[in-house]
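Coordinate analysis (summary)
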Amino acid sequence: MAHLFRELSLGHSKRETTPPPPPSMTSTIPSDLPPSPLGQLAVQFSESDLRLIAYEIFVAACRSATGKPLSSAVSSLSVANPDSPSNGVSPASPAAQRSLTAAAASKMKKALGMKSLSSLSPGSTKSPGSGSGSGSGGKPKRPTTVGELMRIQMRVSESVDSRVRRAFLRIAASQVGRKIESVVLPLELLQQLKSSDFTDQQEYNAWLKRSLKVLEAGLLLHPRVPLDKTSSSQRLRQIIHGALDRPLETGRNNEQMQSLRSAVMSLASRSDGSFSDSCHWADGSPFNLRLYEMLLEACFDSSDATSMVEEVDDLMEHIKKTWVILGINQMLHNLCFTWLLFSRYVVTGQVEMDLLYACESQLAEVAKDAKTTKDPEYSQVLSATLSAILGWAEKRLLAYHDTFDRSNVGTMEGIVSLGVSAARILVEDISNEYRRRRKGEVDVARTRIETYIRSSLRTAFAQASRMEKADSSRRASRNQKNPLPVLAILAKDIGELAVQEKRMFSPIWKRWHPFAAGVAVATLHVCYGNEIKQFISGISELTPDAVQVLRAADKLEKDLVQIAVEDSVDSDDGGKAIIREMPPFEAETVIANLVKDWIKARIDRLKEWVDRNLQQEVWNPVENQEGGYALSAAEVLRITDETLEAFFQLPIPMHPAVLPDLIIGLDKYLQYYVSKAKSGCGSRTTYMPTMPALTRCTTESKFQGVWKKKEKSPPSQKKNSQVPIANGEAGSFGVTQICIRINSLHKIRSELDVVEKRVITHLRNCESAHTDDFSNGLGKKFELTPAACIEGVQQLSESLAYKVVFHDLSHALWDGLYIGDLSSSRIEPFLKELEQNLTVIAETVHERVRTRIITDLMRASFDGFLLVLLAGGPSRAFTIQDSQIMEQDFKSMKDLFWANGDGLAMDLIDKFSTTVRGVLPLFSTDTDSLIERFKGMTLEAYGSSAKSRLPLPPTSGQWSGMEPNTLLRVLCYRNDEAATRFLKKTYNLPKKL
């Protein structure tokens, strides 16, 4: 028996009394119906299996709707005369025993906009539940109750229905007082039914296997409450799989059933956080959605797949009673019903517009739901459903010229409306990006309609273009002379397409897009414009064919513009926005645009060249060239000259008109080179250290690295360096290499005047040039590059200076100057290495920029000297006597830059040494005077609030003998008791960090 148990197809008996059901909807589903968004089950059920499971749930839910025990009278009445109205039996609850009113118009159909029986033609043969069963003599039997109608609609045989109802009677007897949602139906059916309740063993085995698969699907594969690693789930899985070899003995309270019940109830009774006593065995997604879909399918007439049964109101009322078991709510119902209506419309040939309008009506309810919930499970199903509907609609609308013609254009508006509704919900209620933006910025419908119009017309244009080119090729192969060039014929075809669009499709689009015709002709204009551009790009001279094409293009353009203007009469801008999408076709304008494209392509290639060559540039000077600039700079200037030569050799009549475009492009290209040449070298702030925290002086503390990095950069290669460097101290960022970069920018700046004069010479030789074209400088001068070169030289000069002082010579300055005993740590080692760097710079840089760089180096040296004195860290301490050494060292530094009159001018040195000269006297001032001066300045700065306690002045970095923070720092580094006492008492500064 075990092998039979495995191989049986589930849900059918060889002795089934019900006639073979009509073909399943899914068996005839066309290939263009999207996969169901409700989800795929992890266990395979046949359609009949799912219907039987859903029917069992329906019967159970309806019988228990009143909360009373199951009635035993139903069983005794089930064999009564089926033709007697008084003895009609239903598997529904007492609430369902009322007679159906088929003649009354359905409220639900009316709400959905679907035709009712009363609205059908007098000759219609439709009847409630027609074709679903038969009575004696083969006459249609009209169901008298909801339960009977549901059984017929779900194609359940009377024998199966009778068995199910008998089982529920037994369950009711054993589960008195329990709500149906607290009962695990398949478990109770297994407990109550045994093999003798079935027609034969094969039917019993099939039912048993299906029941176990229901438990597996609802509790293990698609549980409402996520599984944890409990023994119950493992035990249930073992029981189910074990039943394949040793079938359960159902209908008894044996050990097997007790074990099954224990495992099932343990899993089904887990709480989902809703504080109810419901059992969760059929309410996990997508299992519940697939079962609910089966129930909703019963609302459609089995004899007419495009319409619902007239009793749909009563049927739906009872179907909703399954919600407590399936975990369905109104929102999920709306979503499932929407999908059902949509899929019905698709699979029935897309001819019944009532279904489409009903789907859209139901979608309006879905839109309301989407605005009120953030449930992730619902949102996931919602998104999948809407995406499937939208995808199906857009497949037709993105090429609507292929989908619709005069015979079926009437269905187009409904499909558009459905797609737009789905898109709105997806974008406005689900999209996080839309919520972050102001809703006024996004018109979903208008955006979608524009997409459809442009996509379809582009496709239609491409088809027309291919057709005409194919015809032309055939004529050429037969040596037949073409009456008109291809593009002239195409222009005529596109004009006819535009008229068709205006008359047939634009009135439909106008419901969502007020200027649909304008968008359409603008799209056609762009498509034809692309063809014209290609055509003109191959023209070397005007020919009869060229004239014909241009005239046809001109006529087409006027027709398209006229349609756009008429369509935009009521727009705020009078159609200017649409007209702006339609650049003119005039030959001269197109040629000018082609020249601009040529310029753009050249400039893009030049920028690519810059990127490629600067990666290989080592920044060494070009041999046999004065000025010491790099090879890339020489190449940049050479390519600029070649581009100008090529431009003025183009056979066009409008050199002066498009010259500004070329100059702007070359200007940006040269500016791009300048920005790349200086990139990676850092700036003044890259190397300037961050001020350390203030401390009291202590000569015993060891020097610690306190200089914080301002920019993330690779560590210094020099030992004990406290200052960051720019991206790697590689060969391309050495002193010599930065000097070559400076020379290169200076070379480009100096050559620009020569290039501009050469442009004027070319203009004078142009036939189309006028005096005004070269008399004024507008459009012939470089605007960006000169300023970029000046700025680049300044940045590189400062970067080089502060790099040398604060990074390359940090071992001599930060790690050496005035550490410990001043007499043994003076400035001579720093000046010696600084002089070596000055020699390299003087020999490398161009003489026109040499003074600037050396001046920046002097300024950086002065800044470094002051930082050592005022922010040198806790390893430095000074006495009044040390001020003489400082004065002498500073004089030595100035002498280095003066170089006995061969270096910088003395007035320049004095200008930049003003700050140092103002600070140095403070180191020779006695401590008490410094303290009094500090107090006075602080009180002056902070007023009376500073009398009780002196505030700590902030570090401004602007050193001065009249600035409180500068005075405080001199005191911090003053090595005597008076300063220590004052600092301890006033600020309680530590002796070391």
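Cut-offs and rules
Residues numbered from 1 in each chain as written. Predicted model: local features only at pLDDT ≥ 70, side-chain atom pairs only at ≥ 80, totals over all residues. Heavy atoms only, no water. Helix = DSSP H or I, 4+ residues; strand = E, 2+ residues; numbered from the N terminus. Buried < 20%, exposed > 50% of the residue type's maximum accessible area, 1.4 Å probe, protein only. Contact = heavy atoms within 4.5 Å. Areas by Shrake-Rupley, 256 points an atom, 1.4 Å probe, with all protein chains shown as cover. Axes fitted to C-alpha atoms, helices over the stretch in contact; angles between N-to-C directions. Parallel < 35°, antiparallel > 145°, perpendicular 65-115°, else oblique. Left-handed = near helix turned anticlockwise from the far one by under 90°. Nonpolar A, V, L, I, M, F, W, Y, C, P; charged D, E, K, R; others polar. Core = buried A, V, L, I, M, F, W, Y, C linked by side-chain atoms within 4.5 Å. Domains from an automatic or database assignment. Salt bridge = Lys/Arg side-chain N within 4 Å of Asp/Glu carboxyl O. Expected span 1.5 Å × (residues − 1). Phe/Tyr/Trp six-rings, centres within 6.5 Å; stacked < 30°, edge-to-face > 60°. Lys NZ or Arg CZ within 6 Å of the ring centre and 35° of its normal. pLDDT = per-residue confidence, 0-100. Lys, Arg positive; Asp, Glu negative; His and termini not counted. Polar contact = N/O pair within 3.5 Å; in protein donor to acceptor, adjacent residues only side chain to side chain.

1. Some remarks on the overall build of the chain
- Of the regular secondary structure elements, the chain holds 40 helices and 0 strands.
- Here the chain holds 993 residues, and the buried ones make up 51% of them.
- For the chain, the share of sequence-separated contacts (at least 6 apart) that also reach a separation of at least 24 residues comes to 77%.
- Summed over its atoms, the accessible surface of the chain is roughly 46300 Å², and 51% of this surface lies on carbon and sulfur atoms.

2. Here's the deal with the packing of helix H33 (residues 828-844) against helix H34 (residues 847-871)
- Orientation of H33 relative to H34, taken along the N-to-C sense of each, is 165 degrees, at an axis distance of 11 Å. Considering their axes alone, H33 and H34 lie roughly antiparallel with respect to each other. In this structure, H33 crosses over H34, and the sense of that crossing is right-handed. Where H33 approaches H34, its residues Phe830, Leu834, Leu838, Ile841 and Ala842 are matched on the opposing element by Arg850, Ile853, Ile854, Leu857 and Ser861.
- In terms of residue class, the contact of H33 with H34 is made up of 8 nonpolar, 1 polar and 1 charged.

3. Digging into the environment of Ile742
- Examined against the element boundaries, Ile742 turns out to sit in helix H29 (residues 735-764).
- Taking the C-alpha atoms as reference points, Ile742 and Cys789, 47 residues apart in sequence, are found 8.9 Å from one another.

4. Things to note about the nonpolar core
- Membership of the largest hydrophobic core comes to 169 residues, with the highest contact counts inside it found for Leu260, Trp281, Trp509 and Tyr528.
- Counting residues per element, this core draws most heavily on helix H14 (residues 330-347), at 12 residues.
- Here this core spans two domains, and each of domain 1 (36-64 + 144-328) and domain 2 (444-585) adds at least three residues to it.
- Sequence-distant contacts of Tyr528, that is, excluding residues within four places in its chain, are made with Phe461, Leu487, Ala488, Leu490, Ala491, Val549, Ala553, Leu556 and Phe585.
- In terms of nonpolar packing, the next biggest core, distinct from the first, is built from 115 residues, Leu670, Ile740, Ile748 and Val793 among them.

5. Brief notes about helix H11 (residues 287-297)
- The buried count for H11 comes to 10 of 11 residues, which makes it a mostly enclosed element.
- Along H11, the positions that sit buried rather than exposed are Phe287, Asn288, Leu289, Arg290, Leu291, Tyr292, Glu293, Met294, Leu295 and Leu296.

6. A look at the pattern of salt bridges
- In this structure the tally under the stated criterion is 34 salt bridges.
- Close ionic contact of Arg290 with Glu293 constitutes a salt bridge, the shortest N to O distance being 2.6 Å. Residue Arg290 and its partner Glu293 are both found in helix H11; the two are separated by 3 residues, about one turn of the helix.
- Judged by relative accessible area, Glu293 falls into the buried class, the value being 9%.

7. Some remarks on the environment of Ala552
- Topologically, Ala552 is positioned in helix H23 (residues 544-567).
- For Ala552, a relative accessible area of 19% gives the class buried.
- When residues no more than four places from it in sequence are discounted, the contact partners of Ala552 are Ala488 and Ala491.

8. Concerning unusual backbone geometry
- In this model, Ser285 is joined to Pro286 through a cis peptide bond whose omega is 5 degrees.
- In this fold, Pro286 is placed in the loop between helix H10 (255-268) and H11.
- For Ala899, which is not a glycine, the phi torsion comes out positive at approximately 55 degrees.
- Mapped onto the elements of the fold, Ala899 is located in the loop between helix H35 (882-898) and helix H36 (906-912).
- Of note, the phi angle at Asn900 is positive, near 55 degrees, even though the residue is not glycine.

9. Remarks on helix H31 (residues 784-808)
- Over its 25 residues, H31 extends 33 Å from the first C-alpha to the last, a length consistent with the 36 Å expected when each residue adds 1.5 Å.
- Of all the 25 residues making up H31, 19 are buried; the element is thus mostly covered by neighbouring parts of the structure.

10. Comments concerning the packing of aromatic side chains
- Inspection of the entire model under this criterion finds 23 aromatic pairs.
- Taking the centre distance of 5.0 Å and the plane angle of 75 degrees together, the rings of Phe647 and Phe648 count as edge-to-face.
- Its relative accessible area of 0% is what places Phe647 among the buried residues.
- Judged by centre distance (6.2 Å) and plane angle (40 degrees), the rings of Phe878 and Tyr973 are tilted. Taken as a pair, Phe878 in the loop between H34 and H35 and Tyr973 in the loop between helix H39 (964-972) and helix H40 (977-987) lie far apart in primary sequence, 95 residues in all. An identical accessibility class is assigned to Phe878 and Tyr973; each is buried.
- Joined through ring pairs, the aromatic side chains of Tyr818, Phe862, Phe865, Phe878, Phe890, Phe897, Phe923 and Tyr973 make up one cluster.
- In this structure, Lys213 packs its charged tip against the face of Phe45, placed 5.1 Å from the ring centre.
- One Lys or Arg, Lys607, reaches over the ring of Tyr672 and ends 5.9 Å from the middle of that ring.

11. What to know about the confidence of the model for the chain
- Residue-level pLDDT values for the chain average 80, and 80% of them are 70 or greater.
- A low-confidence stretch, residues 1-29 stays under pLDDT 50, and its non-local contacts, those more than four residues away or across chains, total 57 contacts.
- Confidence drops under a pLDDT of 50 for residues 65-104, and excluding neighbours within four residues, the segment shows 68 contacts in the predicted structure.

12. Side note on the side chain of Lys894
- Relative to the assigned elements, Lys894 resides in helix H35.
- Buried within the structure, Lys894 lacks any salt-bridge partner; Asp910 is the closest side chain of opposite charge, at an N-O distance of 4.9 Å.
- In contact with Lys894, not counting residues within four places along its chain, are Phe862, Ile909, Ser913 and Arg917.

13. Things to note about the environment of Gly820
- With respect to the element layout, Gly820 can be found in the loop between helix H32 (810-813) and H33.
- Among the residues examined, Gly820 registers a relative accessible area of 49% and is labelled partly exposed.
- In sequence terms Gly820 and Arg876 are 56 residues apart; their C-alpha atoms lie 6.4 Å from each other.

14. Points about the packing of helix H27 (residues 655-678) against H31
- It is at 9 Å that the axes of H27 and H31 come closest, and there the two elements cross at 5 degrees. By the criterion of interaxial angle, the relationship of H27 to H31 is roughly parallel. Contacts between H27 and H31 involve Asp667, Lys668, Leu670, Gln671, Val674 and Lys678 from the former and Leu784, Thr785, Ala788, Cys789, Glu791, Gly792, Gln795 and Leu796 from the latter.
- Broken down by class, the residue content of the contact of H27 with H31 amounts to 6 nonpolar, 4 polar and 4 charged.

15. Looking at the side chain of Asp197
- Residue placement: Asp197 occurs in the loop between helix H7 (185-192) and helix H8 (201-221).
- Reaching out from Asp197, the side chain makes a polar contact with the side chain of Arg170 at a distance of 3.1 Å.
- The residues contacting Asp197, other than those within four sequence positions of it, are Arg163, Arg166, Arg170 and Gln192.

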